[in-house]
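# A closer look at the structure
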Amino acid sequence: LPTGLDVKVVKLLSVSEDINKELEVLADKMEYIKASLDRLTNLKYKSVLELKYIDGMTQIQMCSVMNCSRAKLFKLNKKALVALPLEETDLEHIL
């Protein structure tokens, strides 16, 4: 009969497998997002979206890198999202 420790080890391995599967899905989504960003022709738009969604920077960090105000950053981010060439099928891959 399995001991309490055996049951916990089996459960831990199962959770670990689930986490690894989820990490693979997230890695695939990240690659898809990067490919979508690569299709942007405006380098400022691409930069602002990469800093935010790929690098995970805060607005303050992004303003420092982009050398702009938060208001300018907000406008730039909005324009970049509108310009991002996404199709409905792209959203299925990302969401």
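To be clear, the structure that these remarks concern was listed above.
Below or above, wherever it landed, is the structure these notes cover.

Inspection of the secondary structure assignment puts Leu 37 in helix 1 (residues 4–38). Overall, the relative accessible area of 3% leaves Leu 37 in the buried class. Spatially, the C-alpha atoms of Leu 37 and Leu 5 are 47 Å apart, while their sequence positions differ by 32 residues. Excluding residues that lie within four positions of it along the chain, Leu 37 makes contacts with Lys 46, Leu 49, Glu 50, Ile 54 and Leu 84.

Here the focus is the pattern of salt bridges. Where charged atoms from two side chains of opposite charge approach closely, those side chains can pair. One pass over the full model with this rule turns up two salt bridges. Notably, a salt bridge pairs Lys 34 with Glu 31, separated by 3.9 Å at the nearest N-O pair. One end of the pair, Lys 34, and the other, Glu 31, are both in helix 1, three residues apart, so they sit about a helical turn from each other. A relative accessible area of 34% means that Lys 34 is categorised as partly exposed. Among the ionic pairs, Asp 38 bridges to Lys 46, the shortest N-O distance being 3.0 Å. Residue classification places Lys 46 among the buried positions, given a relative accessible area of 18%.

By the element assignment, Leu 43 lies in helix 2 (residues 43–54). Along the sequence, Leu 43 and Asp 28 sit 15 residues apart, while their C-alpha atoms lie 24 Å from each other.

Bringing unusual backbone geometry into the picture now. In the Ramachandran plot, Asn 67 falls in the positive-phi region, its phi being about 55 degrees despite a non-glycine side chain. Within the secondary structure layout, Asn 67 lies in the loop between helix 3 (59–66) and helix 4 (70–83).

A few words now on the side chain of Ser 36. Locating Ser 36 in the fold gives a position in helix 1. Look at Ser 36 and you get buried, because its relative accessible area is 2%. With near-sequence residues (within four places) excluded, Ser 36 lies in contact with Leu 84, Pro 85 and Leu 86.

Take the nonpolar core next. Leu 40, Val 48, Leu 49 and Leu 73 are the most contacted members of the largest nonpolar core, which has 13 residues in total. It is helix 2 that contributes the most residues to this core, four residues altogether. Apart from the residues within four sequence positions on either side, Leu 73 is in contact with Val 48, Gln 59, Met 62, Cys 63 and Cys 68.

What counts, and where the lines are drawn
- Residues numbered from 1 in each chain as written.
- Predicted model: local features only at pLDDT ≥ 70, side-chain atom pairs only at ≥ 80, totals over all residues.
- Heavy atoms only, no water.
- Helix = DSSP H or I, 4+ residues; strand = E, 2+ residues; numbered from the N terminus.
- Buried < 20%, exposed > 50% of the residue type's maximum accessible area, 1.4 Å probe, protein only.
- Contact = heavy atoms within 4.5 Å.
- Salt bridge = Lys/Arg side-chain N within 4 Å of Asp/Glu carboxyl O.
- Core = buried A, V, L, I, M, F, W, Y, C linked by side-chain atoms within 4.5 Å.

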